[in-house]
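Structural overview
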Amino acid sequence: MEFTVLKVLGSLSMVLGLAGCAETSNTINEDFDYGVFLSLEGRKAVEASEGFEIAVIDAQNISAIDIAEMKARDQEVYSYLNIGSLETFRSYYKEYQHLALKSYDNWEEEYWVDAGNEEWQKFVAGTVAQELLEKGIDGFWIDNTDVYGQFADEEIYDGVASILKTLMSYEKPVVINGGDQFVLTYLERNGQVDDILTGVNQETVFSSINFENNTFTSQSAENKQYYLDYLNALTEEEKDIYLLEYTTEIQLAQDINEYTKKRGWKSHISDSIELDD
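Summarised in this report is the structure supplied together with it. As the structure is a computational prediction, the values presented were derived from the model and not from experiment.

1. Considerations on the overall build of the protein chain
Within the protein chain one finds 10 helices and 13 strands. For the protein chain, the exposed surface amounts to about 11,800 Å²; the carbon and sulfur share of it is 44%.

Spelled out as structure tokens, the structure:
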């Protein structure tokens, strides 16, 4: 059961026209311990993330100098890293285009990639990850482990696990965004997830996005409970829990803040699907 909505927007030409987005993250986030700013590049990311203890950025689009500035103000900087799909706007797209499996529904600039391929594993967990580390990042924020949900075969499963284990070998935090099917399968098979992650981020636990009319709403009771069960399972494994929610409703934002604070979880509430607030 996968409902992950976040994608790095390599092309900012995608405009959702969401209604009622006058509120900023500064008014709907009570605490500034966690912020996600993935579609911003360079100085814009540095400026938007100021004040957040943990800032998630796409460090492939941000210089080492900018990252050093963020760290100098006592921020932890985590970088987005896409291990399960291939984006056409990345500099290495053509080199690895032959590993594309199929198009990514609703995302014209993206293709699911063969994570079971050793060439890809070495590149994304080795070359790309090392480049990010050299820029000075403090941790990895991993997207699209749910390639296993798209192609539930053993080679994909083993490939995703191999990539995550390599990333863990750098002794930095590894936070998986979504990917519940893979994570729960790994937990069931191994009785632990200590060697593949330090935490998970889940989107839209309390909120939801209606793509038909481009509005935010509350999550259904069924989906909300599924996500909470998933996060509770990872809490029992003593992993860090992060929520990424989308809403412009102050009351819902307050409810999310209250719940996560009580649970000892971290959350970021955005009024923009582009995560540029």
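2. A few points about the packing of aromatic side chains
According to the stated counting rule, one finds 21 aromatic pairs in the structure shown. Seen in terms of ring centroids, tyrosine 92 and phenylalanine 123 are 4.8 Å apart; in terms of plane orientation they differ by 70°. Their pairing is edge-to-face. With tyrosine 92 in the loop between strand E4 (85–87) and helix H4 (93–96) and phenylalanine 123 in helix H5 (residues 118–134), this pair connects stretches of sequence that are 31 residues apart. Take tyrosine 92 and phenylalanine 123: they sit in the same class, and that class is buried. Considering the side-chain rings of tyrosine 93 and tyrosine 111, the 6.4 Å spacing of their centres and the 25° angle between planes classify their relative orientation as stacked. Remark: tyrosine 111 occurs in strand E6 (residues 107–113) and tyrosine 93 occurs in helix H4; sequence separation between them is 18 residues. In this structure, arginine 189 packs its charged tip against the face of tyrosine 157, placed 4.2 Å from the ring centre.

3. Focus: the nonpolar core
Of all hydrophobic cores here, the largest spans 71 residues; its most connected members are Leu81, Trp120, Phe140, Ile142, Leu164, Leu167 and Phe182. Setting aside its immediate chain neighbours within four residues, isoleucine 142 contacts Leu81, Ile83, Leu164, Leu167, Val174, Val175, Ile176 and Asn177. Formed by 15 residues, the second largest nonpolar core is a distinct cluster that contains Val56, Trp141, Ile209 and Tyr246.

4. Here's the deal with helix H10 (residues 250–263)
Its 14 residues place the ends of H10 20 Å apart at the C-alpha level, agreeing with the 20 Å of an ideal helix rising 1.5 Å per residue. Buried residues of H10: Leu252, Ala253, Ile256, Asn257 and Thr260, and no others. One side of H10 carries all its buried residues, which in axial view fall inside an arc of 135°. Turned more than 90 degrees away from the buried face of H10 sit Gln251, Glu258 and Lys262, all of them exposed.

5. Details of H5
With 17 residues, H5 extends 23 Å from end C-alpha to end C-alpha; this agrees with the ideal 24 Å at 1.5 Å per step. All buried positions along H5 are accounted for by Trp120, Gln121, Phe123, Val124, Ala125, Gly126, Val128, Ala129, Leu132 and Leu133. The distance from a side-chain oxygen at the start of H5 to the backbone nitrogen of glutamate 119 is 2.8 Å, and the residue carrying that oxygen is asparagine 117. A positive backbone phi angle near 100° is found at glycine 136, which sits one or two residues after H5.

What counts, and at which threshold
- Residues numbered from 1 in each chain as written.
- Predicted model: local features only at pLDDT ≥ 70, side-chain atom pairs only at ≥ 80, totals over all residues.
- Heavy atoms only, no water.
- Helix = DSSP H or I, 4+ residues; strand = E, 2+ residues; numbered from the N terminus.
- Areas by Shrake-Rupley, 256 points an atom, 1.4 Å probe, with all protein chains shown as cover.
- Phe/Tyr/Trp six-rings, centres within 6.5 Å; stacked < 30°, edge-to-face > 60°.
- Buried < 20%, exposed > 50% of the residue type's maximum accessible area, 1.4 Å probe, protein only.
- Lys NZ or Arg CZ within 6 Å of the ring centre and 35° of its normal.
- Core = buried A, V, L, I, M, F, W, Y, C linked by side-chain atoms within 4.5 Å.
- Contact = heavy atoms within 4.5 Å.
- Expected span 1.5 Å × (residues − 1).
- Arc of directions from axis to C-beta.
- Polar contact = N/O pair within 3.5 Å; in protein donor to acceptor, adjacent residues only side chain to side chain.

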